[in-house]
Amino acid sequence: MSNQFSDLGIQEQFQQSLVDLNISVPTAIQKKTIPMVLNQKEDVVVLAKTGTGKTAAFGLPLLQLIDLEKDNIQALILAPTRELGQQIYVNLLAFASANPKITIVSLCGGTPVKPQIERLKSTTHIVVATPGRLVDLIERDAIQLNKLNYFVLDEADEMLSALKDEVDAILKVIPKSRRTLLFTATMSGTIKQLVQNYMSKHVVHLEADMETLGHLGIDHQYVVVEPIEKLEVLLHFLSSKAGERGIIFCKTKAAVNKLAKNLAINKFSSGAIHGSLTQGIRDRIMGQFREGHIDILVATDLAARGIDVKEVSYVVNYHLPDTYDAYVHRSGRTARAGAKGLSLTVLQQEEVADIADFEKELGIVFKTFKKADAQSIEENNGLLWARKIFKTKPNRDVSEDFKAKIKTIFHHLTKEELVDKLLTNYLAQNSIDNSKLETPKKRKP
DNA sequence: AAAAAAT
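This is a predicted model, so every value here is computed, not measured.

Chemist: Any chance you could break down helix H11 (residues 253–265) for me, citing the residues and the numbers?
Modeler: Its 13 residues give H11 an end-to-end C-alpha distance of 18 Å, which sits within 8% of 18 Å, the value for a rise of 1.5 Å per residue. All of the buried residues in H11 are Ala255, Val256, Leu259, Ala260 and Leu263. Looking straight down H11, one finds that the buried residues subtend no more than 130° of arc, so they occupy a single side. Set apart from the buried face of H11 by more than 90 degrees, the exposed residues are Ala254, Lys258 and Lys261.

Chemist: An account of the pattern of salt bridges is requested, with residue identities and associated values reported.
Modeler: Under the counting rule described, the total for this entry stands at 16 salt bridges. Measuring nitrogen to oxygen at the nearest pair gives 2.6 Å for the salt bridge that ties Arg305 to Glu155. Residue Arg305 is found in the loop between strand E11 (296–299) and strand E12 (312–317), and its partner Glu155 is found in the loop between strand E5 (150–153) and helix H7 (156–159); the two are separated by 150 residues along the sequence. Look at Arg305 and you get buried, because its relative accessible area is 12%. The shortest N-O distance in the salt bridge between Lys241 and Glu244 comes to 3.8 Å.

Chemist: Any chance you could break down the confidence of the model for chain A for me, citing the residues and the numbers?
Modeler: Low pLDDT means the predicted atomic positions in that stretch should not be read closely. Summary statistics for chain A give a mean pLDDT of 91 and a share of 93% for residues scoring 70 or more. Within the model, the stretch residues 431–445 combines pLDDT values under 50 with 4 contacts to residues more than four positions away or in other chains.

Chemist: Give a detailed account of the side chain of Gln279, specifying residues and quantitative values.
Modeler: One can find Gln279 in helix H12 (residues 279–291). Discounting residues that sit within four places of it in the chain, Gln279 has contacts with Arg82, Glu83, Gly109 and Gly110.

Chemist: Before we move on, could you go through the UniProt feature "domain: Helicase ATP-binding" (unreviewed entry) in chain A and cite the residues and values that matter?
Modeler: The UniProt record marks residues 35–205 with the feature "domain: Helicase ATP-binding" (unreviewed entry), using the residue numbering of this structure. Segment residues 35–205 splits into 38% helix and 18% strand. End C-alpha atoms: 13 Å apart.

Chemist: Tell me what's going on with the environment of Leu62, and back it up with residues and numbers.
Modeler: If you trace the backbone, Leu62 turns up in helix H3 (residues 54–65). Judged by its relative accessible area of 2%, Leu62 falls in the buried class. Setting aside chain neighbours within four positions, we find Leu62 in contact with Ala75, Ile77, Tyr150, Val152 and Leu181.

Chemist: Describe the pairing of strand E6 (residues 179–184), and please don't skip the residues or the numbers.
Modeler: By the criterion of burial, E6 is predominantly enclosed, with 6 of the 6 residues buried. Bridging between strand E1 (residues 43–48) and E6 involves 4 bridges; their strand directions are parallel. Residue pairing in the sheet places Leu47 in a bridge with Thr184 of E6. Pairing of E5 with E6, which is carried by 4 bridges, proceeds in the parallel orientation. Residue pairing in the sheet places Val152 in a bridge with Leu181 of E6.

Chemist: So what's going on with unusual backbone geometry? Residues and values would help.
Modeler: Located in the positive-phi region is Glu155, a residue other than glycine, with phi close to 50°. A positive phi is found at Lys267, a non-glycine position, where the angle reads about 60°. A residue is classified by how much of its surface remains accessible, and Lys267, at 28% relative accessible area, is partly exposed.

Calculation rules
Residues numbered from 1 in each chain as written. Chains lettered and ligands numbered in written order. Predicted model: local features only at pLDDT ≥ 70, side-chain atom pairs only at ≥ 80, totals over all residues. Heavy atoms only, no water. Helix = DSSP H or I, 4+ residues; strand = E, 2+ residues; numbered from the N terminus. Expected span 1.5 Å × (residues − 1). Buried < 20%, exposed > 50% of the residue type's maximum accessible area, 1.4 Å probe, protein only. Arc of directions from axis to C-beta. Salt bridge = Lys/Arg side-chain N within 4 Å of Asp/Glu carboxyl O. pLDDT = per-residue confidence, 0-100. Contact = heavy atoms within 4.5 Å. UniProt positions renumbered as here; feature names shortened; annotations may be inferred. Pairing = 2+ DSSP bridges.

Laid out in structure tokens, this is it:
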């Protein structure tokens, strides 16, 4: 039984990086994929659930296969979004930390192209790229891929559908003798038929844990709401998730902006990300979410695939995803690396019938999320108002009407209960741990 | 129809 990376053929130098990264036991798909990539023969198509370590499954063996005697680009990894490209790049750097001789370059869009062109004039072994920018660099004759040994498509089904034209253009400048490695969590029939066109060697199909259709760590729930109460139900849910991290998916960029604004008004620790924001803002928000400076990420499907953030305990589909695969990818942002997570889908009455289709297609069973009663919703609104007042600078007028409204909401509580509720809510939403409430220790003179 | 990906 191979229960260590060394048993799979991973060299000592990379194992030290894994120890540093707190990765000890290879996942099922890593056990199958790593030896297959290291054997230097076949092309591979890897199908494995979200959050099962696909990046390490190709990253580790590729790093080991790089010939440091040569100074040409030997491996190319393509990803569908800049954020995912950047994440893969950062992961590879961490895997390779023990061997700084391996040079890895990120060629994603949204950043100045000139420095990338300059960088490509010196030795590069591995490139991680988004397709648009790479095609641009190819057209500028700034990159040489004619000696490439390994061609990796992450999120392969997306790359061969939405980004197929760019992938085809890239294929024209890489050698036919290269090995091709495709990775995905979802693979529709039409894409499956296409895959063969991209392979040049004998193809091995690898799968792990695909016996069950659904991801076992995800608790799927749905809730039916009237359009008018949709936001309030969400706000109540988010209040119950104070101190946890989650991603809320919307269908359009405009809806993301609108919801993010509403969350900000209600003083939730949140940020928005979608394709019409500048890359600077996208990077800043992703960074804040990764570092835990914000708890809630409101996103379009830009963040649906591949994004790996620690301790995301829930995902909300504020609008139904367009496809079954999109549901798999969105919900797969939680319950990663063996953890558990909740995927809550918010529906309107006329969409309830769709749930049965999702269950049938994806082999999952949805539980019904019990919507908060009117009383709890009202109470939560009151708490949110109170929180706004806590967080708003003094001297702002609070109308008598407003005071009266809050009094009505909480009239059934005793003074002690009210103080307790307000404090509990305020402290939880601000993630203040008790240590911060203690008198700060004086620094030594 | 919308989202992503080049400037």
